[in-house]
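Analysis of the macromolecular model
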Amino acid sequence: MGKTGDSGVEERPKWDNKIQYLLTCIGFAVGLGNIWRFPYLCQIYGGGAFLIPYLIALVFEGLPLLYLELAIGQRLRMGSIGVWKSISPLLGGVGIASMIVSFLVSIFYNTIIAWVLWYFFHSFQNPLPWSQCPLNDNHTGYDVECEKSTSVNYFWYRQTLNITPDIETSGSLQWWLVICLASAWCVVYICFIKGIESMGKAVYVTATFPYLVLTIFLVRALTLPGATDGLVYLFTPDVSPILKNPQVWLDAATQIFFSLSVAFGGLIAFSSYNSERNNCERDAVLVGVINSATSLYASISIFSILGFKATNAYNSCREDNILDLTNHFELSDQNMTLENYYQWYDYLNSTFPDEVASLPLKSCNLQTFLDQSASGTGLAFIVFTEAVMEMPGSQVWAILFFIMLLSLGLSSMFGNIEGVLTPMHDLKIVPKWIPNEVLTAIICLASFLMSLIFTLGSGNYWVEVFNGYVGSVPLLIIAFFEIIGVIYVYGMKNFSEDIYFMTGSRPNIYWKACWMVISPIMLLAVLIAYVGLQAQKHPTYPTWNPDYELFPQTQVKDYPDWVFAIILLLCIVPVISIPVVALYELICCKIQRSSARAEPSPYCNDGFVVETQEQNNQRF
Amino acid sequence: MLEKILILLCLSSALAEQPCKPDASDGYKVRLSIKTALGDEAYVWNENEMFLFRATLAFAMRSHLNGQEFDVSNIIVCDETPRVTFWFVVTSPLNTSGLVDKGVVEEAIRMSRNRINSAFLLTDKTLEFIGITPTLTAPVNPDTPPWLIVFGVVMGAVGAGIIVVLVSPLVLKKRKKNEETDEDEEETGVKAVENGSTREGVYNMSFSDDERLTQM
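Every residue gets a number counted from 1 within its own chain, in the order that chain's sequence is written. Think of it this way: whatever chain is written first is A, whatever ligand is written first is 1, and the rest follow in order. Confidence filtering applies because this is a predicted model: local features only for residues at pLDDT of at least 70, side-chain atom pairs given and counted only at 80 or more, and all residues used for totals across whole chains, interfaces and linings. The side-chain quantities take in all heavy atoms of the structure and omit both hydrogens and water.

1. Here's the deal with the overall build of chain A
The following threshold applies: What counts as a helix is a DSSP run of H or I of at least four residues, what counts as a strand is a run of E of at least two, and both are numbered from the N terminus. Here the globule rule reads 2.2 Å times residues to the power 0.38, and the radius of gyration is calculated from C-alpha atoms. Remark: exposure states derive from per-residue accessible area (1.4 Å probe, protein chains only) relative to the maximum for the residue type, with buried under 20%, exposed over 50%, and partly exposed in between. Residue contacts follow a heavy-atom distance rule, with two residues in contact if any of their heavy atoms lie within 4.5 Å.
In terms of helices and strands, chain A carries 28 helices and two strands. Taken over C-alpha atoms, the radius of gyration comes to 27 Å for chain A, in line with the 25 Å a tight globule of 620 residues would show. C-alpha atoms of chain A, sized along the principal axes, occupy 105 × 50 × 45 Å. Buried positions account for 56% of the 620 residues belonging to chain A. A fraction of 81% describes how many contacts in chain A between residues 6 or more apart in sequence connect residues 24 or more apart.

2. Description of helix H24 (residues 473-503) of chain A
Residues and elements named next belong to chain A. We apply this condition: In a helix, the anticipated span is given by 1.5 Å times the number of residues less one. The reported bend at a residue is simply the angle between two axes, fitted to the 7 residues ending at it and to the 7 residues beginning with it.
Spanning 31 residues, H24 covers only 33 Å between terminal C-alpha atoms, well under the ideal 45 Å at 1.5 Å per step. Of all the bends in H24, the greatest measures close to 105° and is centred on Gly 491. Within H24, 23 of the 31 residues are buried, which leaves the element mostly enclosed by the surrounding structure. Within two residues after H24, Gly 504 carries a phi angle of roughly 95°, on the positive side.

3. Examining the state of the cysteines
Two cysteines whose sulfur atoms are joined by a covalent bond form what is called a disulfide. Residues and elements named next belong to chain A. Rules: In this description, a disulfide is simply a cysteine sulfur pair whose atoms lie within 2.5 Å.
Going through the model one piece at a time under the given rule, you end up with two disulfides over all chains. Here Cys 133 pairs with Cys 146 through a disulfide, and the sulfurs are 1.8 Å apart. Across the S-S bond linking Cys 133 and Cys 146, the dihedral sits near -85°, which makes this disulfide left-handed. Of the two residues, Cys 133 sits in the loop between helix H7 (92-122) and helix H8 (144-148) while Cys 146 sits in helix H8, which places them 13 residues apart along the sequence. Here Cys 133 matches Cys 146 in class, with each residue buried. Here Cys 317 connects covalently by a disulfide to Cys 364, the sulfurs 1.9 Å from one another. When the S-S torsion is -85°, as for the bridge of Cys 317 with Cys 364, the disulfide is left-handed.

4. Section: the UniProt feature "binding site: Na(+)" (unreviewed entry) in chain A
Residues and elements named next belong to chain A. Rules: UniProt positions are given in the numbering used here, feature names are shortened, and annotations may be inferred rather than shown by experiment.
Using the residue numbers shown here, the UniProt feature "binding site: Na(+)" (unreviewed entry) corresponds to Gly 27, Ala 29, Val 30, Asn 34, Ser 259, Asn 291, Leu 408 and Ser 412. What stands out for the annotated residues spanning 386 residues is how close their C-alpha atoms remain, the widest pair being 12.5 Å apart. Note on placement: Gly 27 falls in helix H2 (residues 18-29). Classification of Gly 27 by relative accessible area gives buried; the value is 3%. Dropping the residues within four chain positions of it, Gly 27 is found in contact with Ala 207, Ser 411 and Ser 412.

5. Observations regarding the packing of aromatic side chains
Quick reminder of the rule: Each Phe, Tyr or Trp ring (for Trp, its six-membered ring) is paired with any other whose centre lies within 6.5 Å, and the angle between the two planes then decides the class: stacked below 30 degrees, edge-to-face above 60, tilted in between.
What the rule picks out here adds up to 60 aromatic pairs over all chains. With 4.7 Å between their ring centres and 65° between their planes, Trp 118 of chain A and Trp 147 of chain B make a pair best called edge-to-face. Pair noted here: Trp 118 of chain A is in helix H7 and Trp 147 of chain B is in helix H6 (residues 146-190), and the two residues belong to different chains. For Trp 118 of chain A, a relative accessible area of 4% translates into the label buried. Since its relative accessible area comes to 6%, Trp 147 of chain B is described here as buried. For the pair Phe 53 of chain B and Phe 88 of chain B, a centre-to-centre distance of 6.0 Å together with 70° between the ring planes defines the contact as edge-to-face.

6. Some words on the pattern of salt bridges
Residues and elements named next belong to chain A. Note the threshold: By definition, a salt bridge exists where a carboxyl oxygen of Asp or Glu is found within 4 Å of a side-chain nitrogen of Lys or Arg.
Applying the stated criterion to the full structure yields 12 salt bridges over all chains. Close ionic contact of Glu 145 with Arg 158 constitutes a salt bridge, the shortest N to O distance being 3.1 Å. Of this pair, Glu 145 sits in helix H8 while Arg 158 sits in helix H9 (residues 151-160), placing them 13 residues apart in sequence. Like Arg 158, Glu 145 is buried. Arg 506 is the partner of Glu 497 in a salt bridge, and the nearest nitrogen-oxygen pair spans 2.8 Å. For Arg 506, a relative accessible area of 43% translates into the label partly exposed.

7. Observations regarding the side chain of Ser 102 of chain A
Residues and elements named next belong to chain A. The topology assignment puts Ser 102 in helix H7. By relative accessible area, which is 0% here, Ser 102 ends up buried. Every residue in contact with Ser 102, bar those within four places of it in the chain, is listed here: Phe 264, Asn 416, Gly 419 and Val 420.

8. Quick notes on the side chain of Glu 49 of chain B
All names here are of chain B. Operational definition: The sign given to each residue is positive for Lys and Arg and negative for Asp and Glu; His and the chain ends receive no count.
Inspection of the secondary structure puts Glu 49 in helix H3 (residues 47-64). For the buried Glu 49, no salt bridge exists, and the shortest N-O distance to an oppositely charged side chain is 13 Å, to Arg 54. Setting aside its immediate chain neighbours within four residues, Glu 49 contacts Tyr 43, Val 44 and Phe 120.

9. Some remarks on helix H14 (residues 247-259) of chain A
Residues and elements named next belong to chain A. The terminal C-alpha atoms of H14 lie 18 Å apart, and with 13 residues this matches the ideal 18 Å at 1.5 Å per residue to within 8%. Within H14, 10 of the 13 residues are buried, which leaves it mostly tucked inside the rest of the structure. By the burial criterion, the buried members of H14 are Val 248, Leu 250, Asp 251, Ala 252, Ala 253, Thr 254, Gln 255, Ile 256, Phe 257 and Ser 259. Positive phi shows up at Ser 261, right after H14, with a value of about 55°.

10. Some details on the nonpolar core
This is how it is decided: As used in this record, nonpolar core signifies buried Ala, Val, Leu, Ile, Met, Phe, Trp, Tyr and Cys residues forming a set joined through side-chain atoms within 4.5 Å.
Core analysis: the biggest nonpolar cluster contains 196 residues, and Phe 402, Phe 495 and Trp 515 of chain A have the highest contact counts within it. Here this core takes 19 residues from H7 of chain A, the largest share from any one element. Residues in contact with Phe 495 of chain A, not counting those within four places in the same chain, are Leu 68, Ala 71, Ile 72, Val 486, Ile 487, Tyr 490 and Trp 515 of chain A. Ranked by size, the runner-up nonpolar core spans 27 residues in total, among them Ile 34, Met 61, Phe 88 and Phe 120 of chain B.

11. Remarks on the environment of Ile 477 of chain A
Residues and elements named next belong to chain A. In this fold, Ile 477 is placed in helix H24. Distance in space between the C-alpha atoms of Ile 477 and Asp 371 is 35 Å, their sequence separation being 106 residues. Excluding residues within four positions of it along the chain, Ile 477 makes contact with Leu 527 and Val 575.

This is the structure:
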């Protein structure tokens, strides 16, 4: 085994069992976006009605792409670069593009994990550090910036990020973020040290733990006052945005697409470690459905808690008013309570309207508090931490929440790193004497050094740049070329035969219709609409500027030109490999291409061909 | 003439009896929120409680100005409301018609604020002296920030894990090599006699693979 193993075909690593494979794919698909992007989209697009475009996008765009990637990975048994080279040498650039995108995404994604680690380390304090404002220098009052905004905002923007007023001011490296980033990369490394052997064991925890925590949060949140208000608010369908605003369809399609993590190359790599006779159709449907179900389940938990938070804010707003009125009119203590607030207010307003008008009363409206929506890091690090503060036993909830975010982020990172490592093995550019562990360490180290950009004062702005532009347009382009490449270059007939070989039945009319017509058209439409919308206005970004007049509102600034150039580079560099490689293959290898084009078919499997050659060499 | 003198006398006596009035320049307004602080266990505010307040304030003045013997009668209270707010002024024990300066009263109250609060089972927020802001408690700043401790624990575990995972296969290899060299020395004696021990020969995969293919 040892001797022929070295000179013959290397044994491809395998999953220990099917559960590992499914959990890894689910973990890759279910990520932070399910928690903090989907509930936000539901909220702004009319609650339950958003599910209609979302499910349509899932059925006609998400599932076909997912099935396609899993099928070709499993059949051709290589990473993304090898797979596309096998299908057609002209399409080799698609694999390279996937690898570059995976690398760029993993760099900024791990920064988010570093932030989660920072909050996790701070959740062990009593009281929670984001619940109090620090005192100013001469101890006469609280810090000015903290007073104007809230303690939670201050902790995020000042004590965590130490953010600069705009992206041009870079600031310096924040040492605490650097060590959190180093620990994040170490955690990723230890899970990846043995390739999928170690990763497959890590996913047992990272893929299942979020569900446990979401359930705990759901049960807890439903016992809190105001949770039902949040749920009612979330799920009350309002069909008008769907009919009037085409942006809904675009957001639903992009949400499904990015949520399923297709076009990263990670899914192809994962399914390449499967045995050949695996029913990938069932796997694809399972992963897609579980991903969407998780989004829904997470939004129920999140919105119960947001409902509780809005109710709390509403009550404290009214209690402030009660205090003002009680003090001004010298009423007996606790005579005016939340229950009889409105009767008292009407009485006082009718008898002493001038005095009531002179008081600085706030208008308290539950709907306004429920409308305060946030997505992304704002939801996790500002809104949710504030909600956790008001729950009894807040340390426990904070720790649970951040461990959940950590598991979600880690399981997605596995897919990203796999999308970088497996193509490197396939490219065979790494000399054989370097063991896998060292290669993984080199990649982790290089990524860590590159992601130090995000620990600068302006790091958050750069994360937003990467998040908005690397993880969007290039992926759409890659996916489009993937589907065109498999269906039209490789051929629908060949692909159907491959699927018949693997699963025992040919794809039915639904899959064929989606692959050949519906999904490419949808992808193209989404791509054009997305680029069109982005190009309409000069891109802007919100900044945290304490010197702004309307502080604590964020000040919206335009991206400077050099940042705009970097954005364009980020969109173009990954996808430029597609035409470059195609041209290279056309020009240089024109002669070789026609004679030695080996199309994989069921009768030509690698094991048989290569082994017989080796056998000949050894017998004689 | 007599009437004028009478009026003057009345006025002066009235003025002398009114050192305490709302918005007095040397007085402070106090606001208590007993029900907010104690809920069901709230006590009723009555004359006795007011006596206790005056006594506590006299105690505060005595503690601050050592030597001057303030008494309950030196604390004059007026303008009580159902909200439980009232104004008070402090007269000096040396000169009953003169009021103690506002600043001195403020310092005395700041010094003994805790004692005054606990006499009434209230806090800084529920026993308010309007105009005297409570000194803010500085947040606790331990010498080693707790987050560094957690970070150290986590990183220690991860680092140890990495080292264990990287080193253990090397250790196993070394052990196997030692075992192999021992067995090889044994085999050289046996080799002439035996033929085809399990270590000899080459395991070829294509043979077993062939079986798989032929089944197709």
